[in-house]
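An overview of the molecular structure
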Amino acid sequence: MDFDQIIDRSQSCSFKWNKYQGRDILPMWVADSEFRCAQPILDALHNRVEHGLLGYTLPAQYEPAKQAIVHWLGRQYNWQIESDWIVWTPGVVPAFNVACKAYCQPGDKVLVQVPNYPPLLAAPALNQLQRVDIPTIEESGRWQLDFESLERQAADPKAKLLILCNPMNPVGSVLSEAELERVADICQRHGLMLCSDEIHCDLILDEQALHIPASKLESLKHHSVTLMAASKTFNIAGLGASFAVIPDAKVRQQFVQAAMGIVPWVNVLGLFATEAAFTLCDDWYQAQLDYLRGNRDYLMQEINKIDGLRLLKPQATFLAWVDARGLEEDNPQKWCEEKGVGPSPGVDFGDKGFFRINFGCPRSYLEQAVARLKG
């Protein structure tokens, strides 16, 4: 569990590192971390490969991974689910696109909080739907949903689906129980289905914050889809394994039917990695949370010392949404890259005055990035 270890990814065809190949720019953009996977995950993958046969494995029939999810959600969130509520998907991006197909007709409106990560913003248009943006506003040093806007837009009869990201990516806020109940009330009164992308839910850094899965709420149980994965928390995104938890049988069947013939099975290594992550990696997981808290606090302190930059403390994720409007630069992304740091461009998330930095990396790497931004 050496989170300070620097691992050279330059020759691994890493999506993250290929972007700036041949340039002296630190890649701190796409949301995978620089941490070596927990050894039990690597051992599970090694053992499965050593078996020598990698034929078809139907995810729904692989009970150990399903039971690992049931166990994990019970421990983490006191959420007692049935294993048949689980629908495997090869990523949350296909999953929320499936939700668009399952619960909307062409021309319907999908409400989406903004800023948000690019594939989520793109989903409505890909499915012949109209995207309606629900702003995120600053309140008492924290980013939160603009509930007045949500209430107003949800009242439109053409609005059929609300897609949330909780914890929010990129701003890092965790919806409180009161906020989630308010979302549930709005959805109930206006007949909205809720699709909650909770891929970062196990990365809660604020020890006062409590993540509540959307479909755990009784008021959302029959009209919601909760999307989760081990991928961000355990750095296994390249294995393409995630899952939806859908308590209501009819809602679940609509989701499954919309995916038929289009969405492939989760691959066998993704199943084994998920099982190992949720059953054998508790020490690694807790150590990573502590390390990320230190990285977040260091980055907060140093970013807020740089004239023109401002960072509100993220409650979760390993992502920092940096307000660069004070730079008075037309292109904050270019400003960063010229200093040798490559964050995610704010414009891709819906606000060109910001950029997003990935702090899921060794501290020395983060210190190098800060030094460059200050230079």
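Here's what I pulled together on the structure shown here. (Residues numbered from 1 in each chain as written. Predicted model: local features only at pLDDT ≥ 70, side-chain atom pairs only at ≥ 80, totals over all residues. Heavy atoms only, no water.)

On to the state of the cysteines, then. Disulfides are covalent bonds that link the sulfur atoms of two cysteine residues. In the structure shown here, the tally under the stated rule is 0 disulfides. Between cysteine 100, a cysteine without a disulfide, and cysteine 104, which holds the nearest cysteine sulfur, the sulfur-to-sulfur distance is 5.8 Å. (Disulfide = S-S within 2.5 Å.)

A few words on the environment of isoleucine 303. Note that isoleucine 303 resides in helix 11 (residues 282–303). Look at isoleucine 303 and you get buried, because its relative accessible area is 0%. Along the sequence, isoleucine 303 and aspartate 323 sit 20 residues apart, while their C-alpha atoms lie 9.8 Å from each other. Excluding anything up to four places from it in sequence, isoleucine 303 contacts Leu309, Arg310, Leu311, Val322 and Leu373. (Helix = DSSP H or I, 4+ residues; strand = E, 2+ residues; numbered from the N terminus. Buried < 20%, exposed > 50% of the residue type's maximum accessible area, 1.4 Å probe, protein only. Contact = heavy atoms within 4.5 Å.)

Note on soluble globular proteins: their nonpolar side chains tend to be buried together. Residues Ile41 and Phe234 are the most contacted members of the largest nonpolar core, which totals 73 residues. In terms of residue count, the dominant contributor to this core is helix 11 (9 residues). The residues touching phenylalanine 234, leaving out its near neighbours within four places in the chain, are Cys37, Ile41, Trp72, Ala277, Phe278, Cys281, Trp284 and Tyr285. In this structure, Tyr103, Leu161, Ile163 and Met193 belong to the second largest nonpolar core, which totals 62 residues. (Core = buried A, V, L, I, M, F, W, Y, C linked by side-chain atoms within 4.5 Å.)

What follows covers the sheet that holds strand 6 (residues 159–165). Two orientations exist for strands paired in a sheet by backbone hydrogen bonds: parallel and antiparallel. Taken in spatial order, the 8 strands of this open sheet run 2-9-8-7-6-3-4-5, and their pairing is mixed. Taken across any chain shown, the strands that pair with only one partner, and hence form the sheet edges, are strand 2 (86–89) and strand 5 (142–145). Strand-to-strand twist across the sheet, computed as the mean angle between neighbouring axes with direction ignored, equals 25°. Helix-sheet contacts for helix 3 (residues 63–77) involve strand 2, strand 8 (224–228) and strand 9 (242–245), and the interaxial angle to strand 2 is about 110°. In the packing of helix 6 (residues 147–154) onto the sheet, the strands contacted are strand 3 (109–114), strand 4 (130–139), strand 5 and strand 6, and the crossing angle to strand 4 comes to about 160°. (Pairing = 2+ DSSP bridges. Axes fitted to C-alpha atoms, helices over the stretch in contact; angles between N-to-C directions.)

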